[in-house]
Structure formats: C-alpha cells, structure tokens
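So you can see what is in the structure, the chains are spelled out below.
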Amino acid sequence: MIAARMLTVVLLLIGTAAASAEDWPQWLGPKRDSVWRESGIVQSIPESGLPVKWRVPVGYGYSGPAVAGGKVFVPDYQLDSGRFFNSPGGVAELQGTERLVCLDERSGDVLWTYAYDQPYKLSYPGGPRSTPTVDGDRVYFLGAEGRLSCLNAANGDVIWSKTLNQEYNTKTPIWGHSSHPLIVGDLLTLIVGGPGSIAVAFDKRTGKEVWKALSGDEQGYSSPTLIEHAGVEQLLIWEPKNLHALNPQTGAVYWSLPFEPAFSMSVTVPRQEGNRLYVSGIGSVGGVIQLDDAQPGAKLLWKGNTRSAIYCCNSTPFIENGVVYGNDIDTSALIAADLSDGKRLWQTMHPTLGEVVGNPRHGTVFLVKHEDRFFLFNEKGDLILARLTPEKYEELGRFHVLAPTNEAFQREVVWSHPAFANRCVYARNDKEIVCVDLSAK
C-alpha cells in the first residue's frame, strides 16, 4: 500500500513537471510575444556556467529552432559547391541541400530529416531564415528560396508543398525569403510577394489558397502579426513601403499607413501596448502608431529622429509599461526609450558588442522576457540574464553557449534567435545546435 502511494506521488510529480513545461512552437514563442512563461528557471547565471545537455552538428542557418511535442526542429543548408561569401550588395551562387532536421529534445538524437536540392542565389547565403511553425501534428517550413512545405511532425512525410516564386510570379528578395509562418485558426498566413499577393493565406490542411492581398515592388523580410483592438482581430503586414492591417479571414484591408525603412528592409514586426504600435527599422525609421479605439483604423502619433527612439532590424523590440527596450541597428546598443515620445532613457553596449572602438553598426542581441528578467542572446553566442527597467540595465550573469561561426561587417557573428522550452535554451550556429539546462536546482 505504501509503495503504491509513493508510486502515485511520483507519477503525479512527473505529470506536473511535464504539464508545466512550455513548448516554443514558432518564432518568438507560443504567443509570438517574446515571453517565456515557464516556471522553475534559474534566477542568475553562476560564474561556473550552466550545464550543457547536448550538442548536435548542423549546417548553415539563420533560422531559429522550434520546440514542440518533445521534438526540436532546426533548418539548415548543406553546401555542395560554390563560393560562400557575405556582401551586403553581392550575391553568392551556391549548390546544396536545404533541410529540416528533427531532433529528440531530451537527447538530441536525429529522429528524421527532410531534405531537397536547392540552389541559392542570395546575399548572405548562410542557410534558411525562417523559423518553422509547429501546429499540432504538422510543421510548416519556409526555405530561403521560397519553398513552403507542410510536413508530418512525427516522421517528416510531406503533406503538401509549394514553390512560391513560381506560383506567385515573384522572386526571392536579395537576402532571402524570411517570413515566419503564422497560423490563425485554419489558415496559414505568409508574406509571399508578387502582384496582388504580398500576403497570402492558405488552408493549413491542404495548402489551397484562401485569399491573397496587396501589391508592391518587393515583399520585404517581415512576418504576419496578429493583434486585437477595437474588438477586432487585425493582421499586420509590413511591406517595404507601408504597414497594413487586414481582416485575417478574408484579406480585406482595414487600414494602411506609409512606413518605409531603408533598403526595403521591413524586418521586425510592430509591437503593441494598448492602443499604440511601435514600428522600427533601419535608416532611423521608427515611431508610434495610435490605433482607433472604436473601429479598425490608425494614425501616426510620432516619429523619431537620430537622437530619439530605437531603430531595430535584426531583433524585434519589447514593450513593457510604456517603455520600449530594443537593439538599435545604427549604434549596436541596447536602448530603453519612452513609448510616449521616443526619449531615450539609457543605452549600453555591454550586452551587445561590449567595449568597442568607433561606431560599429548591426550589433545584435535577441530579447526574451521571463518573469521580472530578460534572457538576452547576443551575436557573440553569449546567453545573458538581466533586469531591464526604465532606470538601468542590470546584468545577472552570462554564459558562452556557442561560437559565432558566420561573418558580418568584419565581425564574427551568430544571428539566430534561440528557443526556450522544457527549462532549457536551444541555440544554433552554422556548425551545431546546443541545448543548455536553465532549470533552477
């Protein structure tokens, strides 16, 4: 009887632990809001470091991993031939294989691999850009040259696939297709490109087109974002000229406002707090859009200048209690700014590039909120735990997870957003993916 009771208690504890573990099934997390809601996580990072659970070899990739249902999904590119180089305006022509690799989240063992031949003709050709999206028993994967695939998450079998450039008479942007697939009900929404098809919604089960909307010279590098305001769901689509809000079920346009970053680089997604959206991009393009409280509509509230606001590109900012925290692409600093007017409250290079000479640009750090702290992952491969408040940046330790294996602006970098799940962080470069234990002991 006692043994049976003890077994019941153990099973209950195991079940509770499993239930409290949270997946990271898409870019920016379960709610696509850069918040990790799991409990039992370290309060600081000790000088002795953090336990590494496993390391597994992978190939080139800017894509962050997705973690769901006990599996880790990581895209990569296996180079066969061609000269690999990075140049903002130059295009490398490569031959190789684009893949989605599925790993066991506990051991790192390879469960299955989906692969196909894929020539690249890209600037910064280091692999897929888009994080896979896991929805139930399916995983959706967009390759850098526009191949969209729906796979069985259990075994990698192809359910349906599309070659977007052919079907929508578009071409790959110079820095690759980068939109992260968004599931809204029965629809998979994506930024595609082509006449009348900047945004397209597909039946997630069959791949059949349900609606398409918007035209433009280029599609940019941003992703669909769903918000709710004035009692209505609004699908935000930022192409290089304008920010639009659409009906997510029909594609009908609710409102549009001009918002044009430099080099057609609409990359980040707008962030919402209440009736305000913060939009930012390269070229000192950033500011606040005020949403209509009565019906779908919007107006520009303010735009920043070179001494105010935050101009994010590689990393999407975070808003909390009227303060924007973000990685400024022009200065490489982590900056806190007042959402009401863009006034900068503080800025620091410590979590991005550290103490550097001159004014380097494009320094990158990714932000994820956890309870009253933030996990920051920088381009050097460091995981940092910090408190970000309107008054200051306070670091609570850092751990070097992996080496920067790519290059940008004469620096070694890793530009891939990590995943946080199962009390672990999963981070990748162009040689390996690493699982680091973040559980409180």
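Just so you know, these numbers come straight off a predicted model, no measurement behind them.

A. How the structure looks around the sheet that holds strand β11 (residues 182–184). Spatially, 4 strands are ordered β11-β12-β13-β14 in an open sheet, and the strand pairing comes out antiparallel. Each of the sheet's edge strands pairs with one partner strand only, and the pair in question is β11 and β14 (209–213). Between one strand and the next, the sheet's axes are offset by a mean angle of 25 degrees, whatever the strand orientation. In terms of strand pairing, β11 meets strand β12 (residues 187–191) through 3 bridges, oriented antiparallel. Counted as the bridge partner of L182 is T189 from β12.

B. Molecular detail of the layout of surface pockets. Looking at the largest pocket, its volume works out to about 820 Å³. Lining the largest pocket are 32 residues, and of these M265, V267, C313, N314 and W415 sit closest to its centre. Looking at the lining of the largest pocket, its residues break down into 16 nonpolar, 14 polar and 2 charged. By volume, the second largest pocket amounts to about 430 Å³.

C. Region of interest: the confidence of the model for the chain. Across the chain, pLDDT averages 94, with 95% of residues at or above 70. Predicted confidence for residues 1–20 stays below pLDDT 50, and this span has 4 contacts to residues more than four positions away or in other chains.

D. Structural view of the environment of S284. Looking at the secondary structure, you find S284 in the loop between β20 (276–281) and β21 (285–291). Judged by its relative accessible area of 26%, S284 falls in the partly exposed class. Setting aside anything within four residues of it in sequence, one finds S284 in contact with G304, T306, Y311 and D330. Within the structure, the side chain of S284 is placed 3.5 Å from the side chain of D330, a separation counted as a polar contact.

E. Representation of the packing of aromatic side chains. Taken as a whole and assessed by the stated rule, the structure comprises 19 aromatic pairs. Considering the side-chain rings of Y140 and W160, the 6.1 Å spacing of their centres and the 50 degrees angle between planes classify their relative orientation as tilted. Of the two residues, Y140 sits in strand β8 (residues 138–142) while W160 sits in strand β10 (residues 158–163), which places them 20 residues apart along the sequence. Both rings, one in Y325 and one in F374, keep their centres 6.0 Å apart while their planes meet at 55 degrees; by these two values the pair is tilted. Here the residue Y325 occupies a position in strand β24 (residues 323–327), and F374 occupies one in strand β28 (residues 373–378), the gap between them amounting to 49 residues. A residue is classified by how much of its surface remains accessible, and Y325, at 1% relative accessible area, is buried. Linked through ring pairs, F318, Y325, W346, F374 and Y393 together constitute an aromatic cluster.

The rules behind the values
- Counting from 1, residues in each chain are numbered in the order their sequence is written.
- Whole-chain, interface and lining totals are the exception, using all residues; otherwise, since this is a predicted model, local features are given only for residues with pLDDT of at least 70 and side-chain atom pairs are given and counted only at 80 or more.
- Excluded from the side-chain calculation are hydrogens and water; included are all heavy atoms of the structure.
- Should DSSP find at least two bridges between two strands, the strands are regarded as paired.
- Helix and strand labels come from DSSP, where a helix needs a run of H or I of at least four residues and a strand needs a run of E of at least two; each type is numbered from the N terminus.
- The axes used here are C-alpha line fits, helices contributing only the stretch in contact, and every angle between their N-to-C directions lies in the interval 0 to 180 degrees.
- The pocket and cavity definitions rest on a 1 Å grid over protein atoms only: a 1.4 Å probe that fits but cannot leave marks a cavity, an open set with protein on both sides within 12 Å along at least five of seven lines marks a pocket, and residues lining either have an atom within 4 Å of a point.
- Grid points are joined across faces, edges and corners, and a volume is the space filled by probe spheres set on the points.
- Polar here means any residue other than Ala, Val, Leu, Ile, Met, Phe, Trp, Tyr, Cys and Pro, which are nonpolar, and Asp, Glu, Lys and Arg, which are charged; Gly is therefore polar.
- A score from 0 to 100, pLDDT tells how confident the predictor is in each residue.
- Note on definitions: a residue-residue contact is assigned when non-hydrogen atoms from the two residues lie within 4.5 Å.
- For every residue, the accessible area (1.4 Å probe, protein chains only) is compared with the maximum for its type, and the residue is labelled buried under 20%, exposed over 50%, or partly exposed between those bounds.
- Two N or O atoms count as a polar contact when they lie within 3.5 Å, although within protein this holds only if one can serve as hydrogen donor and the other as acceptor, and sequence-adjacent residues are included solely when both atoms are side-chain atoms.
- Two aromatic rings, drawn from Phe, Tyr or Trp (for Trp, its six-membered ring), form a pair once their centres lie within 6.5 Å of each other, and the interplanar angle then sorts them: stacked below 30 degrees, edge-to-face above 60, tilted otherwise.

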